[in-house]
Amino acid sequence: MIFPDAMLGMLGGGQLGRMFTLAAHSMGYRVAVLDPDPLSPAGAIADVHLKAAYQDREALQQLADTCAAVTTEFENVPADSLRWLASHCTVRPGGDAVAVAQDRSREKAFFTACGLGVAPYAVIESAADLAQPEVTLFPGILKRARFGYDGKGQARVASVDAARKAFAAFGADTCVLEALVDLACEVSVVVARGADGTTRVFPVAENQHRNGILDVCIVPARITAELAANAELAATQIAERLAYQGVLAVEFFVTKDGRLLVNEIAPRPHNSGHYTIDACATSQYEQQARALCGLPLGDTKLLSPVVMVNLLGEAWQSGVPDWQRLFENPRAKLHLYGKHEARPGRKMGHFTVLGDSADAALAQALTLRAALCPAFALAPA
Ligand SMILES: Nc1ncnc2c1ncn2[C@@H]1O[C@H](COP(=O)(O)OP(=O)(O)OP(=O)(O)O)[C@@H](O)[C@H]1O
Ligand SMILES: [Mg+2]
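For clarity, every value in this text was computed on a predicted model and none was experimentally measured. (Residues numbered from 1 in each chain as written. Chains lettered and ligands numbered in written order. Predicted model: local features only at pLDDT ≥ 70, side-chain atom pairs only at ≥ 80, totals over all residues. Heavy atoms only, no water.)

## Remarks on the sheet that holds strand β7 (residues 140-144)
So, point 1. A sheet is described by the order of its strands in space; here 4 strands give the open sequence β6-β9-β7-β8, paired in antiparallel fashion. Unpaired on one side and paired on the other, β6 (121-124) and β8 (154-157) mark the two borders of the sheet. Put simply, the sheet's adjacent strands are angled 20° from each other on average, direction ignored.
So, point 2. This element, helix α6 (residues 160-169), spans β6, β7, β8 and β9 (175-179) of the sheet and lies at about 165° to β8. (Pairing = 2+ DSSP bridges. Helix = DSSP H or I, 4+ residues; strand = E, 2+ residues; numbered from the N terminus. Axes fitted to C-alpha atoms, helices over the stretch in contact; angles between N-to-C directions. Contact = heavy atoms within 4.5 Å.)

As structure tokens, this is what we get:
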């Protein structure tokens, strides 16, 4: 086990890295962040900020020399950097598991091999792959196999012709064409697997998206106990099959006919797990630190129903949100990420509201959002 005040390394300096750093600091660890952005949210509070590229050998060497263990906060960190680091220090999760999460076609093949349902799809490697009669996949979504996030690198396509155009616009890089699923709702599970192979799942979150970006997250998810148990089981199976070490998020679709389909995984804490900071016995970030350090995992019990609302750059469009309204609510908690420029679609922060039930927390959260930033709250989905 790695104890405080060891130095822990973090590849990536965004908000997930920042919240990890806060948790690690409160446990007494030191943190070194690698992120080329001089204004990175995690770099600003870390003990050490290495401002270099993720493949930069000198920076990686410095992490290897100074850190007891290294983890990541985003899936597009080069898997080879993780593999190189692993020959010098403890790295969790490993490069191989991250490589699966980096590629939608590998990911889907892996879910299928686990016996889990996925949306009907085809891998598109060339325009010729779109010549086949895949009518059952339309209307569909063409998604780049790599480097997509927050709905970027995706196009809704109603026909083969539209799919061809979108494929060309994506530079003819490998894509998956996915049938549009008739969604009842979306849910996610954050699971942690410790160095000793023990797994613990956080309660299932229900996720509402706007423009392909997570908007509101409701916990506990308003789905049947059976579906929730299946989602937890699927997440656990995925972590086990990957021999995963660390925190992993699994996104699911729940179809109108009651099926659970795996959408994608993220090899790190997740936006839909932010609620754990304020509403669980252990946060997903403390859990990440525990798994990284080989400590026993913490209790994931939900202490109160909770709703999280993302604050995107749009919320600043008519000035700074009215924070007074938020602080007047004794069950609301504000989390800002220290980003300097509020661009549309940029995740600037979030708030959570605790409630006596998920529905009560949701009503309060939506009222609060409307009070904080009326224009953003009313923007069409
Ligand atoms: N096959 C589908 N049927 C219906 N809706 C879909 C489908 N695929 C994606 N979506 C919608 O688009 C959202 C984003 O898709 P997806 O999770 O694949 O992309 P992403 O860019 O990786 O997003 P993120 O990284 O933010 O989770 C989903 O959460 C869902 O709301
Ligand atoms: Mg997603």
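## Quick notes on the pattern of salt bridges
So, point 1. Under the criterion given, the structure shown has 19 salt bridges.
So, point 2. A salt bridge links Arg 144 to Asp 173; the shortest N-O distance between them is 2.6 Å. Here Asp 173 lies in the loop between α6 and β9 and Arg 144 lies in strand β7, a separation of 29 residues in the sequence.
So, point 3. By relative accessible area, Arg 144 is classed as partly exposed at 26%.
So, point 4. Given a relative accessible area of 38%, Asp 173 falls into the partly exposed group.
So, point 5. Put simply, Glu 341 and Arg 343 hold a salt bridge, and the shortest N to O gap is 3.3 Å.
So, point 6. With relative accessibility at 46%, the residue Glu 341 sits in the partly exposed group.
So, point 7. Of the residues examined, Arg 343 reaches a relative accessible area of 41% and is grouped as partly exposed.
So, point 8. Look at the salt bridges and you will find they share partners, linking Asp 80, Arg 83 and Asp 96 into a network. (Salt bridge = Lys/Arg side-chain N within 4 Å of Asp/Glu carboxyl O. Buried < 20%, exposed > 50% of the residue type's maximum accessible area, 1.4 Å probe, protein only.)

## Some remarks on unusual backbone geometry
So, point 1. The linkage connecting Pro 4 with the following residue, Asp 5, adopts the cis geometry, with an omega of 5°.
So, point 2. The topology assignment puts Asp 5 in the segment before β1 (7-11).
So, point 3. With omega at -5°, the peptide bond leading from Phe 138 into Pro 139 counts as cis.
So, point 4. Along the chain, Pro 139 falls in the loop between β6 and β7.

## Side note on the site of ligand 1
So, point 1. Around ligand 1 sit 18 residues, and of these Lys 143, Gly 151, Gln 154, Glu 186 and Glu 264 come closest.
So, point 2. Taking Glu 178, its side chain carries an N or O atom lying 2.9 Å from a nitrogen atom of ligand 1.
So, point 3. Between a nitrogen atom of ligand 1 and a main-chain N or O atom of Ala 179, the distance comes to 2.9 Å.
So, point 4. When the free accessible area of ligand 1 is taken as 610 Å², the share hidden by the protein chains comes to 92%.
So, point 5. Taken together, the elements giving at least two residues each to the shell around ligand 1 come down to β7, β9, β10 (183-193), β14 (246-255) and β15 (260-266).
So, point 6. Partitioned by chemical class, the residues of the shell around ligand 1 number 7 nonpolar, 4 polar and 7 charged. (Near = heavy atom within 4 Å. Polar contact = N/O pair within 3.5 Å; in protein donor to acceptor, adjacent residues only side chain to side chain. Areas by Shrake-Rupley, 256 points an atom, 1.4 Å probe, with all protein chains shown as cover. Nonpolar A, V, L, I, M, F, W, Y, C, P; charged D, E, K, R; others polar.)

## Focus: the sheet that holds strand β4 (residues 69-72)
So, point 1. The strand order across the open sheet formed by 5 strands is β3-β2-β1-β4-β5, and the pairing between neighbours is parallel. Pairing within the sheet leaves two strands with one partner each, and these edge strands are β3 (48-50) and β5 (90-91).
So, point 2. As defined by bridge partners, β1 adjoins β4 across 4 bridges and the pair is classed as parallel. Across the sheet, Leu 11 pairs through a bridge with Thr 72, a residue of β4.
So, point 3. Lying on the sheet, helix α1 (residues 15-27) is in contact with β1, β2 (30-34) and β4; it crosses β2 at an angle near 165°.

## Thoughts on helix α5 (residues 104-113)
So, point 1. Where α5 is concerned, the buried positions are Arg 104, Ser 105, Glu 107, Lys 108, Phe 110 and Phe 111.
So, point 2. Where α5 ends, the next residue or the one after it, Gly 115, has phi of about 80°, a positive value.

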